[in-house]
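What follows is each chain in one-letter form.
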Amino acid sequence: MGDSRVEVLALSAWGALPDASSLVFDAELRYVIARGPVLGLHGFISTDLEGQFAGDALPRERWLLFEPLYRDALNGETGSVEVASLDERRCCRVQVGPLRGPDGGIVGGVALAVDVTALKQAEERYRGLLESAPDAMVVVDADGVIQLASAQTQTMFGYASEDALVGCSVEMLIPQRFEGQHVRQRAAFARTPKTRRMGAGLDLWGRRKDGSEFPVDVALASVATDEGTLVTAVIRDVEAERRAAESLVLLE
């Protein structure tokens, strides 16, 4: 069945990731190996797929979804998509990439499917926590890139949507005159992370989208993940508190 080199490489790919479902196809887009627990979630068994042209083995709507990824894999590109299980109770993430032979040439492709239902549920619970918190919250990776931003963050800093923040540098929320200092402090925190609570007495400022600045208090916490360390920053607008304190001083 097919090129024996592809079969050997396919079995190696599957053996390295036994908890995932591996669908390996050759250069003609025919499945060589189809193994793993996720297949059953989508109503398949190995004999339904192995030796079959992917366009014939998959339902039409699934083939329309996967065909561009499969063809991109044969051109050396990697892509991914999330799909629901047959009963729509589970969510699977499928990553498709090239399968290379010993000489580095592309001999087919590999689609690795993993059940990410628990991960998605955890993300939803975390999202609920973000949105229910009275203060703004952002989650930043080790490179200072915003991964999550709550609705309160958008409101506080004057942005219309989360899309305007996610994927951008957290320094966009810092006054320009403090950007260099913040980059250094962020790097130092990444090296030796420790929890910082509100009320640390630091003179901190935020920058809105329109460039205006306002005083803030920021609490920090870090968490180690498979993708690296993430930092959660809880941001509180203390402008009203400062004005109230200044008014009391004037009344004394």
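Let me begin by describing the structure that accompanies this report. (Residues numbered from 1 in each chain as written. Predicted model: local features only at pLDDT ≥ 70, side-chain atom pairs only at ≥ 80, totals over all residues. Heavy atoms only, no water.)

Per the stated rule, a full pass over the model turns up six aromatic pairs. Seen in terms of ring centroids, Phe25 and Tyr70 are 4.3 Å apart; in terms of plane orientation they differ by 15 degrees. Their pairing is stacked. In this pair, Phe25 is assigned in strand β1 (residues 21–26) and Tyr70 in helix α5 (residues 60–74), connecting sequence segments 45 residues apart. What makes Tyr70 buried here is its relative accessible area of 2%. Centre to centre, the rings of Phe66 and Tyr70 are 5.9 Å apart; their planes meet at 40 degrees, and the pair counts as tilted. With a gap of four residues between them, Phe66 and Tyr70 both fall in helix α5, about one helical turn apart. One aromatic cluster is present, formed by Phe25, Tyr31, Phe53, Trp63, Phe66 and Tyr70 through successive ring pairs. (Phe/Tyr/Trp six-rings, centres within 6.5 Å; stacked < 30°, edge-to-face > 60°. Helix = DSSP H or I, 4+ residues; strand = E, 2+ residues; numbered from the N terminus. Buried < 20%, exposed > 50% of the residue type's maximum accessible area, 1.4 Å probe, protein only.)

If you trace the five strands from one edge of the open sheet to the other, you get β7-β6-β10-β9-β8, paired in antiparallel fashion. A single partner strand is all that each edge strand has here, and the edge strands are β7 (146–149) and β8 (204–207). Direction aside, the axes of adjacent strands within the sheet are offset by 40 degrees on average. With five bridges joining them, strand β6 (residues 136–140) and strand β10 (residues 228–237) adopt antiparallel strand pairing. Bridged to Ala136 within β10 is Ile235. (Pairing = 2+ DSSP bridges. Axes fitted to C-alpha atoms, helices over the stretch in contact; angles between N-to-C directions.)

Moving on, we get to the pattern of salt bridges. This structure, assessed with the given rule, holds nine salt bridges. In this structure, the salt-bridge partner of Arg71 is Glu67, at a minimum N-O distance of 2.9 Å. Here Arg71 and its partner Glu67 are both found in helix α5, four residues apart, which amounts to about one turn of the helix. Residue Arg93 pairs with Glu82 through a salt bridge whose shortest N-O separation is 2.7 Å. Residue Arg93 is found in strand β4 (residues 91–100), and its partner Glu82 is found in strand β3 (residues 79–84); the two are separated by eleven residues along the sequence. For Arg93, a relative accessible area of 30% translates into the label partly exposed. Assessed through its relative accessible area of 33%, Glu82 is described here as partly exposed. (Salt bridge = Lys/Arg side-chain N within 4 Å of Asp/Glu carboxyl O.)

A word on unusual backbone geometry. Although it is not a glycine, Leu29 sits at a positive phi angle of roughly 65 degrees. Summarising the element assignment, Leu29 is placed in the loop between β1 and β2 (31–35). Phi is positive for Glu88, close to 65 degrees, though the residue is something other than glycine.

Time to look at the sheet that holds β4. Strands sit in the order β2-β1-β5-β4-β3 across an open sheet of five strands; the sheet is antiparallel. Pairing within the sheet leaves two strands with one partner each, and these edge strands are β2 and β3. Strand-to-strand twist in this sheet, taken as the mean axis angle between neighbours without regard to direction, amounts to 20 degrees. Of the pairings in the sheet, the one linking β4 to strand β5 (residues 106–115) comprises nine bridges and is antiparallel in character. The residue bridging Leu99 from the neighbouring strand is Gly108, located in β5. Seen against the sheet, α5 touches β1, β2, β3, β4 and β5 and runs at an angle of roughly 160 degrees to β3. (Contact = heavy atoms within 4.5 Å.)

What follows concerns α5. Between its first and last C-alpha atoms α5 spans 21 Å; for 15 residues at 1.5 Å apiece the expected length is 21 Å, and the two agree. Of all the bends in α5, the greatest reaches close to 40 degrees and is centred on Phe66; the proline Pro68 follows between one and four positions later. Within the sequence span of α5, burial applies to Trp63, Phe66, Leu69, Tyr70 and Ala73. If you follow the buried residues of α5, they end up packed against β1, β2, α4 (54–57), β3, β4 and β5. Just past α5, the residue Gly76 takes up positive phi, approximately 90 degrees. (Expected span 1.5 Å × (residues − 1). Bend = angle between axes of the 7 residues up to and from the residue.)

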